[in-house]
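# Commentary on secondary and tertiary structure
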Amino acid sequence: MKRVALFTSILIAMATSATAETLVVRSGEHDSHTRLVVKVPPGTEWVLARRKNGARLTVSIDDVLFQTEGVFGRLTSNRLSALSQSKPGSALDLEFGCDCVATAFLYQQSMIVVDISQGTLPPPLTANIPLPPSLPPLEVEDPLEPLALPLLTLNQQGFKDQLSARLLQGADREVLDLDLAAIGPRASTLPSDADMLPSFAANMNVSTIVDELEGLLGPDIPQIEKRPACISSARLGFDTWSDARPFDKQIADLRSGLYQEFDRVDTDLAFKLAKLYAYFGFGAEAVSTLELVEDHSEEKNWVHAIAGLVDYREPAEDSPFRGLQRCSSDAAFWSVLSEQTLSPDADLNAIEQSFYSLPQHLRRSLGPRLSSILVEADKLEAARRVMRSVDRVETEEQPSVAKAQIAQAEGDSEVADTILEEVISTPETSTDAPLALARLIEKRWAERGAVSPQNVALAAAYALEFRGSETGPMMQHAHIVALSLNNEFDTSYDLIQALPEGDDRTDVLNRHTHLLEERSNDVTFLKQVLSMSDSDSMALTTQAAIAVSDRLGALGFAAQSSAFANRTYDTTDRSQRARLRARAALLDEKPHKAMLELSDDASTAADTLRAQALAAIGDQAATAELYRELGETEVANRYFWLAGLSEKIELEGRFANLSEISDKLALLPRRLLKTPLADANSLLTDSEETRARIADLFALIPDPEVAFDERTDPNQ
């Protein structure tokens, strides 16, 4: 019975955990607003509660868990500063870093879209606004008239009442802003019961046209983005670009009839030949053949885009497949390859089905790329299915970068290392070796590991071999990071200086700077950091600049530390940068400036710096009180002793004893002037006690080599 009860409880726990659902929060940055998208099951009820500089999203799903990893990786502004969920099943709290307002709407019955833009919450409509008065009773000449309609006799006051009601409805829907007049007397006209002008049409009704406007509304009204129409699999017809005959037979027939008399090109055959090239993975040949086709049809754009994808070319920004991942056709598969990331509304089932229907050679070629995209989107099971499909069409199983990426995503770091090393060293996988080496160095960077000298030399060779190609910048990047991981900072910094300006240079500069701050000796660190150009220092990320400023301050370079922490154009990590500037001000003997830097910071670290600033100013009593609040009792006692406030010193510790001895030494000797011999004996006794107290006082004074220095952090 105990076993049955235990088994039943396990089943109940499994059923309960199965009800929990994870909702992935996606993000996007726009010029006018920051957008969050949460995909929910159709029919899910939800509420967005707004407050000043924040909002709360609640969905009616039990034990819901909001997955927010990666949200801030796509954001560049400070409109959204924090996302949090107190426990599974609770609401998602949004904190804004600006005076912003959140608006939300439901898109396609399955996506909650939250837009954060500049603005303030409108004042709530007060309950003192009277409801529109009821319409006066209709006066019909013939009460038996069956066709008498109310609006035919609507007077001016009734029309105003209906208009007021519509305006209030528009304000409730946030499509109108009401500028309400202050309470009090105002000039107005007496209501008129005169009938409306006879030229007005009968049966008139008032409505707000703003509900029907598109493209003219401000940021308070969510805009539905125009998206391209889907391309059906039948229209694309990718499976018809080749027949059952061998490739050499098909290409021979098409090429033999390509040029007619007078070297005139048969454009229909040229178009079929381009499709055939693209189908068999010859992208460059397909693009070259398309140049013989003069028309610019939609189908030609499709063939050109697919030819670039099968030939590993960078997808064009105007690719005809962009924005089609939501489609339930082959276009969704080519769209995910074009965008190189999985969209929140992607039809994953259609993408996988399209991949499985590809010919074997394209599955072998495109499968690892699709698997990498799925891994980055946390679709591990789908990535495994794709790689299993690739393995089924491989003549023999080979290690691949995609398999290593899946193992890394599963948390099996050792297996990922083994696979990448096999790809690098296996001759049959030489085409994937550069990418595998770059991924291995990237993994070492994330783990702050080291790269073997052989792999550093191999990265240098690949960087030289692939210079001028699309792979060249990636291998240059990997080579520089590998040198920095192996503490060859001078060589890597020289290579960085030779790189052209751009995002790649900025990224590798930041990685090098992090490693420089963490691992280099003081001389190398100061030589590179102090000689850094203004453009390079501005290109550093906030975290890199903070790390450099912290180490410069520890080395005593106050002005330079303050310069790296004083990034006026940066709105992130303000408190931490202010503390670094305060510490630099203390090093520069400017305690008042340090106090100003810490004026808005109530953290413990700020209080420690504030106490040091007060000590430098000379306010011993305030310093002691602050250290007591921080729990530094012994340091607080010292400053109470220096301030002469012995009554506030706690009864335990070295300074409590010092205070007690000092108070006794301050007492005057007891004199017996009327009895000289007794007076002399009393002086001798008092002298012995004084010498003993002085000896005790010297015993309490610490060694000069470890003496307390009020300029240093007492917590160190």
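Residues numbered from 1 in each chain as written. Predicted model: local features only at pLDDT ≥ 70, side-chain atom pairs only at ≥ 80, totals over all residues. Heavy atoms only, no water.

## Points about the sheet that holds strand E4 (residues 54-59)
If you walk across this open sheet you meet the four strands as E3-E4-E7-E6, and the pairing is antiparallel. Only two strands of the sheet have a single neighbouring strand rather than two, namely strand E3 (46-51) and strand E6 (80-84). Across the sheet, the axes of successive neighbouring strands diverge by a mean angle of 15°, strand direction being ignored. As paired elements, E3 and E4 share six bridges and run antiparallel to each other. Counterpart to Trp 46 in the pairing with E4 is Val 59. (Pairing = 2+ DSSP bridges. Helix = DSSP H or I, 4+ residues; strand = E, 2+ residues; numbered from the N terminus. Axes fitted to C-alpha atoms, helices over the stretch in contact; angles between N-to-C directions.)

## Side note on the nonpolar core
Membership of the largest hydrophobic core comes to 54 residues, with the highest contact counts inside it found for Phe 321, Phe 333 and Trp 334. Among the secondary structure elements, those contributing two or more residues to this core are helix H4 (247-256), helix H5 (267-279), helix H6 (283-290), helix H7 (298-310), helix H8 (330-339), helix H9 (348-356), helix H10 (360-376) and helix H11 (380-393). Ignoring sequence-local partners within four residues, the contact set of Phe 333 consists of Ile 351, Ser 354, Phe 355, Leu 358, Leu 366 and Leu 370. Ranked by size, the runner-up nonpolar core spans 40 residues in total, among them Ala 404, Ala 438, Leu 485 and Ala 544. (Core = buried A, V, L, I, M, F, W, Y, C linked by side-chain atoms within 4.5 Å. Buried < 20%, exposed > 50% of the residue type's maximum accessible area, 1.4 Å probe, protein only. Contact = heavy atoms within 4.5 Å.)

## Focus: the pattern of salt bridges
Oppositely charged side chains can pair when the atoms bearing their charge come close. Counting across every chain of the model gives 25 salt bridges. The partner of Arg 79 in a salt bridge is Glu 29, with the nearest N and O atoms 2.8 Å apart. Of this pair, Arg 79 sits in the loop between strand E5 (65-67) and E6 while Glu 29 sits in strand E1 (residues 22-29); the two residues are 50 residues apart in sequence, bridging distant segments of the chain. By relative accessible area, Arg 79 is classed as buried at 11%. Since its relative accessible area comes to 23%, Glu 29 is described here as partly exposed. Note that Glu 299 is salt-bridged to Lys 275, the shortest N-O span being 2.5 Å. (Salt bridge = Lys/Arg side-chain N within 4 Å of Asp/Glu carboxyl O.)

## A short note on helix H25 (residues 604-617)
Between its terminal C-alpha atoms H25 stretches 20 Å, which fits the 20 Å expected from 14 residues at 1.5 Å a residue. Burial within H25 is extensive, with ten of its 14 residues counted as buried. Just beyond H25, the residue with positive phi is Gly 618, at close to 110°. (Expected span 1.5 Å × (residues − 1).)

## As for the state of the cysteines
If you walk through the whole model with that rule in mind, you get two disulfides. Disulfide pairing places Cys 98 opposite Cys 100 at an S-S distance of 1.8 Å. Looking down the S-S bond of the Cys 98 and Cys 100 bridge, the torsion is -85°, so its handedness is left-handed. The two residues Cys 98 and Cys 100 agree in class, both being buried. (Disulfide = S-S within 2.5 Å.)

## Section: a negative patch on the surface
On the surface, Glu 314, Glu 317, Asp 318 and Glu 470 cluster together into a negatively charged patch. Mapped onto the fold, Glu 314 is located in the loop between H7 and H8. Glu 314 gets classed as exposed once you look at its relative accessible area, which sits at 60%. (Patch = residues over 30% accessible without salt bridge, like charges linked within 9 Å, V, L, I, M, F, W, Y side chains within 5 Å. Areas by Shrake-Rupley, 256 points an atom, 1.4 Å probe, with all protein chains shown as cover. Lys, Arg positive; Asp, Glu negative; His and termini not counted. Charge placed at Lys NZ, Arg CZ, Asp CG, Glu CD.)

## Notes on the side chain of Ser 520
Assignment of secondary structure puts Ser 520 in the loop between helix H18 (503-519) and helix H19 (522-530). At 2.5 Å, the side chain of Ser 520 and the backbone oxygen of Leu 516 are in polar contact. Dropping the residues within four chain positions of it, Ser 520 is found in contact with Phe 489, Leu 515, Phe 525 and Arg 551. (Polar contact = N/O pair within 3.5 Å; in protein donor to acceptor, adjacent residues only side chain to side chain.)

## Some words on the packing of aromatic side chains
Two aromatic rings, taken as a pair, are described by how far apart their centres are and by the angle between their planes. Under the defined criterion, the tally for this structure stands at twelve aromatic pairs. Measuring from ring centre to ring centre gives 5.0 Å for Phe 333 and Trp 334, while their planes differ by 70°; the resulting arrangement is edge-to-face. In this structure Trp 334 comes out as buried when scored by relative accessible area, which is 1%. Members of the aromatic cluster, each reached through a chain of ring pairs, are Phe 238, Trp 241, Phe 247, Tyr 277, Tyr 279, Phe 280, Phe 282, Phe 333, Trp 334, Phe 355 and Tyr 356. A cation sits over an aromatic face here: Arg 448 above Trp 445, 3.9 Å from the ring centre. Here Arg 551 stacks its cationic end above the ring of Phe 525, 4.4 Å away from the centre of that ring. (Phe/Tyr/Trp six-rings, centres within 6.5 Å; stacked < 30°, edge-to-face > 60°. Lys NZ or Arg CZ within 6 Å of the ring centre and 35° of its normal.)

## Some details on the sheet that holds strand E2 (residues 33-39)
Spatially, five strands are ordered E5-E1-E2-E9-E8 in an open sheet, and the strand pairing comes out mixed. What marks the edges here is a single partner per strand, and that holds for E5 and strand E8 (100-107). Between one strand axis and the next, the sheet turns through 25° on average, direction left out of account. With eight bridges joining them, E8 and strand E9 (residues 111-118) adopt antiparallel strand pairing. Paired with Cys 100 across the strands is Gln 118, a residue of E9.

## Describing the environment of Ile 306
Mapped onto the secondary structure, Ile 306 falls in helix H7. The sequence separation of Ile 306 and Ser 335 amounts to 29 residues, and the corresponding C-alpha distance is 9.9 Å. Dropping the residues within four chain positions of it, Ile 306 is found in contact with Leu 236, Phe 238, Trp 241, Phe 321 and Trp 334.

## Examining the pairing of E9
Counting buried positions over the eight residues of E9 gives seven, a clear majority of the element. Sheet analysis places E2 next to E9, joined by seven bridges and oriented antiparallel. Residue pairing for E9: Lys 39 is matched across the bridge by Met 111. As consecutive antiparallel partners, E8 and E9 are separated by three residues, and within that stretch Gln 108 has a phi angle of approximately 55°, a positive value.

## Overview of H6
Burial in H6 covers these residues: Gly 283, Ala 286, Val 287, Thr 289 and Leu 290. Take H6 and look down its axis: the buried residues cluster within an arc of 165°, on one side only. (Arc of directions from axis to C-beta.)

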